[in-house]
Amino acid sequence: MVTSFFNIRLIMNNKRNKILSLALTFFILFSSFILGTEAERVVQIYQVQTVRNPQDINAWINLSRAYIQLARETLDFSKYDSALVAIQQAVSLDSINVNALNQLAKVKSANHKFKEVISIEIEALQYSPESAIAWGILGDAYLELGKYKEADSCYQKMYQLDQELYTLARLSHLAFENGDYQKAVNLMQEAIKSGEKE
C-alpha cells in the first residue's frame, strides 16, 4: 500500500503541529519501507524528492517511471493517472526536455493513445533528432496503429543510432508482423546476443 505523501494536510501554525507533521512524515516513510513492495518504496522515494525540490525535473520523470512500474506490478491502472500527473509537472518545468517528452509519450502509450504519442515524439525529435529512444517510441506507436512502413522507417533510424537489444527486438517484432518469420528469428537471436554483452 502506497500512502500518498501529498495527502499530509496539517495546519502548521505552531511548533507542536510542525513536530507532529515531521513525525507523521517519518512514520509514513518508515511504514512504506517496512510494509511496501520495492516498487512502492521507489515511488515513495521520488515523492519525497519532488516535495523537497519541486523544480527537479529528473525527480518528476523518475516518479512517473516509478508509477508506471507500480501499475504493471500491481495491475492498479489508476497509477497511470499518477504517472501522467507527475510527467506533466516535468514538462511544465521544461517543455523541450526530451527525456520528459519521451516519458510523457510512454504514459500516453500505456493508455493506448497512440496518435498523441506520435504528436509528442515528432515534437521531441525536432529538439533532439539523435534520440534513439524517441525514434523507437514513435515507431512503436506507428506499429500499434498498423502503419508498418512508417514504423520500419523509425526503427531503421533508431538502428542507425543504437544497434543494441531494444532496437533489434523492435525490428524482430516488425518482421514478425510482416510475416517474415526467418528474419524475425535472426533479429531476435541478434538481440539476445546483444543483451548478453550488456
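Chemist: So what exactly am I meant to see when it comes to the environment of Gln-160 here?
Modeler: Residue position: Gln-160 is located in helix α8 (residues 148-161). Given the relative accessible area of 65%, Gln-160 is considered exposed. Residues Gln-160 and Glu-130 lie 30 residues apart in sequence; the distance between their C-alpha atoms is 9.6 Å.

Chemist: Help me out: how do you make sense of the nonpolar core in this one?
Modeler: In a soluble, globular protein the nonpolar side chains are often hidden away together inside. By size, the foremost hydrophobic cluster in this structure holds 50 residues, and its most contacted members are Leu-63, Ile-87, Ala-90 and Leu-138. Contacts of Leu-138, omitting those with residues within four sequence positions, involve Ile-118, Glu-121, Ile-122, Leu-125 and Cys-154.

Chemist: Please clarify how the pattern of salt bridges should be interpreted in this entry.
Modeler: Where charged atoms from two side chains of opposite charge come close, those side chains can pair. With the rule as written, the count across this model stands at four salt bridges. The partner of Asp-76 in a salt bridge is Lys-79, with the nearest N and O atoms 3.9 Å apart. Measuring nitrogen to oxygen at the nearest pair gives 2.8 Å for the salt bridge that ties Asp-140 to Arg-170. Of the two residues, Asp-140 sits in helix α7 (residues 132-144) while Arg-170 sits in helix α9 (residues 165-177), which places them 30 residues apart along the sequence. Note on Asp-140: relative accessible area 24%, which makes it partly exposed.

The rules behind the values
Residues numbered from 1 in each chain as written. Predicted model: local features only at pLDDT ≥ 70, side-chain atom pairs only at ≥ 80, totals over all residues. Heavy atoms only, no water. Helix = DSSP H or I, 4+ residues; strand = E, 2+ residues; numbered from the N terminus. Buried < 20%, exposed > 50% of the residue type's maximum accessible area, 1.4 Å probe, protein only. Core = buried A, V, L, I, M, F, W, Y, C linked by side-chain atoms within 4.5 Å. Contact = heavy atoms within 4.5 Å. Salt bridge = Lys/Arg side-chain N within 4 Å of Asp/Glu carboxyl O.

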